[in-house]
2 protein chains.
Amino acid sequence: MDNQELRKAGLKVTLPRVKILQQLEDADGRHMSVEDIYRALLEAGEDVALPTIYRALEKFEQAGLVESHKFEDGPAVYELAQDEHHDHMFCLDTNKVIEFVDPEIEKRQKMIAEQHGYELVDHTLVLYVRPKKKS
Amino acid sequence: MDNQELRKAGLKVTLPRVKILQQLEDADGRHMSVEDIYRALLEAGEDVALPTIYRALEKFEQAGLVESHKFEDGPAVYELAQDEHHDHMFCLDTNKVIEFVDPEIEKRQKMIAEQHGYELVDHTLVLYVRPKKKS
DNA sequence: ATGAATGCAAAAACTTTGCATGACG
DNA sequence: CGTCATGCAAAGTTTTTGCATTCAT
C-alpha cells in the first residue's frame, strides 16, 4: 500500500523507505523527528541508518508526500502531507502541536506578497501559545 | 549612546557588547548572523570571540534589545528590536528580507489561539516569495 | 545491467559549555 | 573586591557528504 504511494511519486521502492513511511503513518498526525523515526525503527527491529532517513525524507518532501517543519529550536519534524494546507500552533507548556487553517490569513498573505511585487511561494506560520490561565 | 541602552537594559557595559550592538546599528535594518557580526568586527580590527557574540546576543534578546529569526535553513539572524512588531517576507531569489505588518492577520492569530483555549505568546510568520514574473 | 539507494565513517554547520583570566561597577 | 563577561578549546547537536556496496527495475 505504501509501495503504491512511493511508486506513484516516482520513487524507487525500497525496504527502508517503506518502513520510514510506515512510521509516519503510524504516527497518525504526530510530528516525528529523524531521531524519533530512527529510534522507533530500532525498537521495531528495523535497522536503518540515520543518513538514509534524512535522504528518504528529503525525497518524500520533494515528491510532496511529507512536509517538514522547524519549531523553535531542535530538530526538524516531519508529517505526512495532507490534502489541505494548514499552519501550526505550538504549546510552550506541553509541546503539543495543533493544526489550523484560516482562509482569511491565507488570503491576506498572498495579497501582501503581491502588493510588494512578489509571488507567494510558501509560508510558515507558527503560533506559540500557552494554556489560557483562568482568572 | 549604546552605553545608555545597555545600562538601561540592566546589562554590564563591556567593550565587546558595545561593538556588537554597534554592528547591528550600522547594519541599519539588515539582518546579521553571528558570523556576519564576527567578520565585520574582524575587518574593523576588533577581535571578539564567537561565543562572546552568541552570549551577548542572547542577553540582548532577553533584554528586548534585539530579535532573532531563523529563515529556512542557515544560521539565526539578528536585528535591533523595533517599536512595532513586524513579520518577514523572504525572497528566495535574492535572499532579501522585507518587513511588513498586517493588523488583520495579527488580530486573527490572537483570535485563533483563544478559540482553542490558548493565550498567544508569540508567533513567527515568514512569507517565502519570488519576484513576480511578468507574463 | 545500470542507475539509484544504502550504510558507514567522517565532516560540516551552527551553537553551547567548562574553565581560567580579566574587566565592570 | 565580588561578580559577571570574556576567550579559548573542546564538545554538543543536527545534518550532510564521500565512497564502496547492494538493490530495484
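Scroll up for the structure.
Residues numbered from 1 in each chain as written. Chains lettered and ligands numbered in written order. Predicted model: local features only at pLDDT ≥ 70, side-chain atom pairs only at ≥ 80, totals over all residues. Heavy atoms only, no water.

A. Structural view of the environment of Ile37(A). Residues and elements named next belong to chain A. With respect to the helices, strands and loops of the structure, isoleucine 37 is situated in helix 3 (residues 34-43). Through-space distance from the C-alpha of isoleucine 37 to that of lysine 96 is 18 Å; in sequence the pair is 59 residues apart. Setting aside residues no more than four positions away along its own chain, isoleucine 37 makes contact with Ile20, Gln23, Leu24, Met32, Ile53 and Leu57. (Helix = DSSP H or I, 4+ residues; strand = E, 2+ residues; numbered from the N terminus. Contact = heavy atoms within 4.5 Å.)

B. Inspection of the relation of the copies chain B and chain A at higher detail. For the pair chain B and chain A, the superposition axis carries a translation of 0.1 Å, the fit reaches an RMSD of 0.1 Å, and the rotation angle comes to 180°. Given the turn and translation reported, the copies of this chain are related as if by a two-fold rotation axis. No C-alpha of chain B approaches the rotation axis more nearly than that of Leu125(B), which lies at 2.2 Å. The fraction of interface residues of chain B whose copies in chain A are also interface residues reaches 100%, indicating that both copies meet through the same surface. (Least-squares fit on C-alpha atoms with pLDDT ≥ 70 in both.)

C. Local environment of the interface of chain B and chain A. Contacts between the two partners involve 32 residues from chain B and, on the opposite side, 32 residues from chain A. Contact between chain B and chain A buries roughly 3,000 Å² in total, counting both sides, with carbon and sulfur atoms accounting for 66%. On the surface where chain B and chain A come into contact, there are two salt bridges. The partner of Asp102(A) in a salt bridge is Arg108(B), with the nearest N and O atoms 2.7 Å apart. Applying the counting rule to chain B against chain A returns 14 residue pairs in polar contact (both at pLDDT 80 or more). Listing elements by their share of the side of chain B that touches chain A, those giving two or more residues are strand 4 (87-91), strand 5 (97-100), helix 5 (103-115) and strand 6 (118-131) of chain B. Broken down by element, the residue count for the side of chain B that touches chain A peaks at 14 residues, all from strand 6 of chain B. Taken together, the residues of the side of chain B that touches chain A sort by class into 17 nonpolar, five polar and 10 charged. As judged from the 13 bridges shared by strand 6 (residues 118-131) of chain A and strand 6 of chain B, these two strands associate in the antiparallel manner. The residue of strand 6 of chain B that forms the bridge with Leu125(A) is Leu125(B). (Buried area = accessible area lost by both parts, 1.4 Å probe. Salt bridge = Lys/Arg side-chain N within 4 Å of Asp/Glu carboxyl O. Polar contact = N/O pair within 3.5 Å; in protein donor to acceptor, adjacent residues only side chain to side chain. Nonpolar A, V, L, I, M, F, W, Y, C, P; charged D, E, K, R; others polar. Pairing = 2+ DSSP bridges.)

D. A look at the protein's contact with DNA strand D. Around DNA strand D sit 19 residues, and of these Tyr54(A), Thr14(B), Arg17(B), Thr52(B) and Arg55(B) come closest. At a separation of 3.3 Å, a phosphate oxygen of DNA strand D approaches a polar backbone atom of Val13(A). One of the side-chain nitrogen or oxygen atoms of Tyr54(A) is found 2.8 Å away from a phosphate oxygen of DNA strand D. The set of elements that each furnish at least two residues to the surface near DNA strand D consists of helix 4 (50-62) of chain A together with helix 2 (15-27) and helix 4 (50-62) of chain B. Its residues assigned to classes, the surface near DNA strand D shows nine nonpolar, two polar and eight charged. (Near = heavy atom within 4 Å.)

E. Spatial organisation of the pattern of salt bridges. As enumerated under the stated definition, the model contains 14 salt bridges over all chains in all. For the salt bridge of Lys107(A) with Glu104(A), the shortest nitrogen-to-oxygen distance reads 3.6 Å. Highlighted residues: Lys107(A) and Glu104(A), both in helix 5 (residues 103-115), separated by three residues, approximately one helical turn. Its relative accessible area of 22% is what places Glu104(A) among the partly exposed residues. When the shortest N-O distance is used, the salt bridge between Arg130(B) and Asp93(B) registers 3.5 Å. Of this pair, Arg130(B) sits in strand 6 while Asp93(B) sits in the loop between strand 4 and strand 5; the two residues are 37 residues apart in sequence, bridging distant segments of the chain. Given the relative accessible area of 34%, Arg130(B) is considered partly exposed. Overlapping salt bridges bring together Asp102(A), Glu104(B), Lys107(B) and Arg108(B) as one network. (Buried < 20%, exposed > 50% of the residue type's maximum accessible area, 1.4 Å probe, protein only.)

F. Region of interest: the side chain of Asp87(A). Positionally, Asp87(A) belongs in strand 4 (residues 87-91). Within the buried core, Asp87(A) has no salt-bridge partner, and the shortest N-O distance to an opposite charge, that of Arg108(B), equals 10 Å. Polar contacts involving the side chain of Asp87(A) include one to the side chain of His85(A), which spans 3.4 Å. At 3.0 Å, the side chain of Asp87(A) forms a polar contact with the side chain of His123(A). Leave out the neighbours within four places in its chain, and Asp87(A) touches Ile98(A), Glu99(A), Phe100(A), Glu106(A), His123(A) and Leu125(A). (Lys, Arg positive; Asp, Glu negative; His and termini not counted.)

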